[in-house]
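# A look at the structure
Spelled out from the first residue to the last, the chains are:
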Amino acid sequence: MAGSNAPIGVFDSGVGGLTVAREIMRQLPEERMVYFGDTARLPYGTKSKNTVIRFSRQIVRFLETKHVKAIVIACNTATACALEEIQMELALPVIGVIDAAARVAGSVTENYRIGVVGTTATIESGMYEKALRRYNEKAKVYGKACPLLVSLAEEGWLHDTITEEVVRRYLKDLQYKSIDTLILGCTHYPLLRSTFHKIAGEDVTLVNPAYEVAMELRELLTREGLSCGEDVGRAGEKYEFFVSDAAEKFCSFANSILPYDIEQVRQIDIEKFEADG
Ligand code: DGL
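The paragraphs below set out a description of the structure included in this document. Everything numeric in this text was worked out from a predicted model, so none of it was measured. (Residues numbered from 1 in each chain as written. Predicted model: local features only at pLDDT ≥ 70, side-chain atom pairs only at ≥ 80, totals over all residues. Heavy atoms only, no water.)

Summed over all chains, the structure comprises zero disulfides. Unpaired in terms of disulfides, C186 finds its nearest cysteine sulfur in C75, a separation of 7.4 Å. (Disulfide = S-S within 2.5 Å.)

Okay, structure coming up:
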């Protein structure tokens, strides 16, 4: 069993999960972290549940070799498809982004009409809806897949008229439903927060799963007696980054959104970490 000074394992299909890593750095600055981005096999949002489960199992095997004390599935799609399986298979605490966001959305809505935007796989899984029902049984949940937004965010078109137009089109259906709460259910969407805010309007509360899961992680570590007792200081020593492809591209995206410049990103062969059973 890893001790409280062990790192937290965080994984995503690629760069998007850095929005979660960034929140963990902000909210739990003393914690160490090992981040894995599956850049060779993204996007996950268009893949089948079984494929995402297989990929997630391999990543978890890799993170176990790093002796992590807990795992955060930063990817909404991987949370939707694989969290339940991974939780059943692992003795370590494992959390995903969906539950934390659903808990908050279920408590802030006043008219019980909640919108969720995400990848096609996340929306089709119905996992946000399932989680929201647990926290607010009156909630009516309206999902909308917004597949184009991942590419726009990765292109850096965060405040662009084209992005605005795309968000406007995607949100139209949800606006007809008079939602008062909108979950940004994809790792990339917090980067487009101001565009969502502009199009959805003042009356719609935006819920950012990246922020909420970092809060949940803090509660979890405290509850399990796993909070880090000492701050090792320098970000370069606390955080390790691994990818399955294109380390340099990952590095430059990371350096555009993280609070410090990453010095090293290592590429590994994730297929080697095939699960036994
Ligand atoms: N990380 C994914 C998510 O949050 C978005 C990118 C992808 O489709 O892989 O659902």
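Okay, back to it.
The final tally for this structure, using the stated rule, is nine aromatic pairs. An angle of 75° between the planes, with centres 5.4 Å apart, marks the rings of F62 and F273 as edge-to-face. Of the two residues, F62 is situated in helix α2 (residues 49-65) and F273 in the segment after β10 (265-267); the sequence distance between them amounts to 211 residues. Connected via pairs of aromatic rings, a cluster forms that spans F36, F62, F242 and F273. (Phe/Tyr/Trp six-rings, centres within 6.5 Å; stacked < 30°, edge-to-face > 60°. Helix = DSSP H or I, 4+ residues; strand = E, 2+ residues; numbered from the N terminus.)

Now for the packing of helix α4 (residues 97-108) against helix α6 (residues 127-135). At a closest axis distance of 8 Å, the pairing of α4 and α6 adopts a crossing angle of 50°. Judged by the inter-axis angle, α4 sits oblique to α6. In this structure, the crossing between α4 and α6 has a hand that is right-handed. Mapping the contact onto sequence places V97, I98, D99, A101, A102, R103, A105 and G106 in α4 and M127, Y128, A131, L132, R134 and Y135 in α6. Split by residue class, the contact of α4 with α6 holds 10 nonpolar, one polar and three charged. (Axes fitted to C-alpha atoms, helices over the stretch in contact; angles between N-to-C directions. Parallel < 35°, antiparallel > 145°, perpendicular 65-115°, else oblique. Left-handed = near helix turned anticlockwise from the far one by under 90°. Contact = heavy atoms within 4.5 Å. Nonpolar A, V, L, I, M, F, W, Y, C, P; charged D, E, K, R; others polar.)

The next point concerns the site of the ligand. Around the ligand, a shell composed of D12, S13, P43, Y44, G45, C75, N76, T77, T119, C186, T187 and H188 is seen. A distance of 2.8 Å is found between a nitrogen atom of the ligand and a side-chain nitrogen or oxygen belonging to D12. A distance of 2.6 Å separates an oxygen atom of the ligand from a polar side-chain atom of T77. When the ligand sits alone it has 300 Å² of accessible area, and the protein chains cover 97% of it. The cavity where the ligand resides is the largest pocket. (Near = heavy atom within 4 Å. Polar contact = N/O pair within 3.5 Å; in protein donor to acceptor, adjacent residues only side chain to side chain. Areas by Shrake-Rupley, 256 points an atom, 1.4 Å probe, with all protein chains shown as cover. 1 Å grid on protein atoms, 1.4 Å probe; cavity = no way out; pocket = protein on both sides within 12 Å on 5 of 7 lines; lining within 4 Å. Sits in = over half its atoms within 2 Å of the grid points.)

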